[in-house]
Amino acid sequence: MAIIHTFAFNSSNNNFISLFLPMAGIYVHIPFCKSRCIYCGFYSTTLFDYQEEYVEALIKELEDRKDYLGFKPVKTIYIGGGTPSLLKPSALERLCKALTNRSHIIYNIEEFTMECNPDDITDEYASLIASLGINRVSMGAQTFSDERLAFLHRRHHAEDVGKAVEILRKNGIENISIDLMFGFPGESLNDWQKDIDEALNLGVQHISAYSLMYEEGTPLFRLLNDGKFEEISEELSLKMYETLIESLTNNGFEHYEISNFALSGYRSKHNSSYWKQIPYLGIGASAHSYNILSRQWNIASVKDYIRFANSSSHEYIEETEHLTDTERYNDIITTALRTSDGIDTSTLPQRHRDFILKASQKHIALGNLSLDNGTIRLTHQGLFISDSIMVDLIEE
């Protein structure tokens, strides 16, 4: 039986107390990129000269924060970025050994994911990552149109994705995920269907798909504001999402989260931990951590991160946010409701259970939510207006 999250309510201090936290995860942020994609809002840098020093700083932070997860066994590790596959083999090997050879951390690793750029995957690199225990690779394919890849400033070509998948399989990595994007300026529904078909033809186990977002502060946002192109219509965007769902589910994929699809047994265990309120330690510049009671995020600067690692203070954390009961409840709304598992209201404190059951009545009546044995889920119809539904279920 899948347990999403189990909380009790302590009336003496008004805190959520975790009764069953079966696992924990570690996220490692590798911020290095050869060039920045025009849509990316994540922290990254092209300062490759700091790569060796940065990996040593990561190892120091892992040691300094060894008690953060307590006695919870680490079952998932995720190396993301940035572009982790730009790490030199020697640096990656040191990092992976440090991650898995900590005597003070309990390891029972079920999933070890690394993000890779398709054109970084060679036989030698695939053999290396497999030997280091990495058993899942996530690649940002985005599109199989070289024209649209050039628009995004992606450095790989469409044909590189299939080649990378073949090389990974040859080296024993069978759990492969790819990211897709839809909603490019000028993209048609037929163009998008071709991308979906190409992805299906690869035979990968997991597909994540996102609408192209115009995040403030990115080059893409500035180009839009300067009138260089127009966004596609909301109607076309919704049709593209509908096409995605229909195409993937008809081909055996489970739609288990708003933007994520997996063949049976291949859900992303690490990302699922975020949606299930499971604690995780984030190490590296700009990395976030969460331990139920609070969340922290590290300073978003490679130079400062390295400096703090080598100082006596080791002040990696830029800010800590201590969570109230209401903030934790709202986190559940914006994470668990995104999944096909939904929210088991019996796991919520009575006050929040009463609130969500009352607030959801309108959307249940409209067919946007379902209520089955105390579990609230988005319906197919509700998927298309999930943001507005979540706003109605959030407690001020």
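Source: prediction; values computed, not measured.

(A) Structural detail: the nonpolar core. Ile79, Leu92, Leu99, Met139 and Ile178 are the most contacted members of the largest nonpolar core, which has 93 residues in total. When sequence neighbours within four positions are dropped, the list of residues in contact with Leu99 reads Ile26, Val28, Leu62, Ile77, Ile79, Tyr107, Phe112 and Ile283. Among the nonpolar cores identified, the runner-up in size contains 12 residues, and Cys37, Leu220, Leu224 and Phe229 belong to it.

(B) Summary view of the packing of helix α3 (residues 123–131) against helix α5 (residues 158–170). Here α3 crosses α5 at 45°, and the two axes come no closer than 9 Å. It follows from the interaxial angle that α3 and α5 lie oblique. Viewed along their axes, α3 and α5 form a crossing whose handedness is right-handed. In this structure, α3 uses Asp123, Ala126 and Ile129 to contact α5, whose residues at the interface are Ile167, Leu168 and Lys170. Tallied by class, residues from the contact of α3 with α5 come to 4 nonpolar, no polar and 2 charged.

(C) Quick look at the environment of Asn291. Note on placement: Asn291 falls in the loop between β12 (288–290) and β13 (294–298). Measuring from C-alpha to C-alpha, the distance between Asn291 and Glu111 comes to 20 Å, with 180 residues separating the pair along the chain. The residues touching Asn291, leaving out its near neighbours within four places in the chain, are Tyr68, Pro279 and Gln296.

(D) The arrangement of helix α10 (residues 302–309) in detail. The complete set of buried residues in α10 reads Val302, Tyr305, Ile306, Phe308 and Ala309. Buried residues of α10, seen end-on, are gathered within an arc of 165° and therefore sit on one face of the element. On the buried face of α10, the contacting elements are α1 (51–64), β11 (280–283) and β13.

Procedures and definitions
Residues numbered from 1 in each chain as written. Predicted model: local features only at pLDDT ≥ 70, side-chain atom pairs only at ≥ 80, totals over all residues. Heavy atoms only, no water. Core = buried A, V, L, I, M, F, W, Y, C linked by side-chain atoms within 4.5 Å. Buried < 20%, exposed > 50% of the residue type's maximum accessible area, 1.4 Å probe, protein only. Contact = heavy atoms within 4.5 Å. Axes fitted to C-alpha atoms, helices over the stretch in contact; angles between N-to-C directions. Helix = DSSP H or I, 4+ residues; strand = E, 2+ residues; numbered from the N terminus. Parallel < 35°, antiparallel > 145°, perpendicular 65-115°, else oblique. Left-handed = near helix turned anticlockwise from the far one by under 90°. Nonpolar A, V, L, I, M, F, W, Y, C, P; charged D, E, K, R; others polar. Arc of directions from axis to C-beta.

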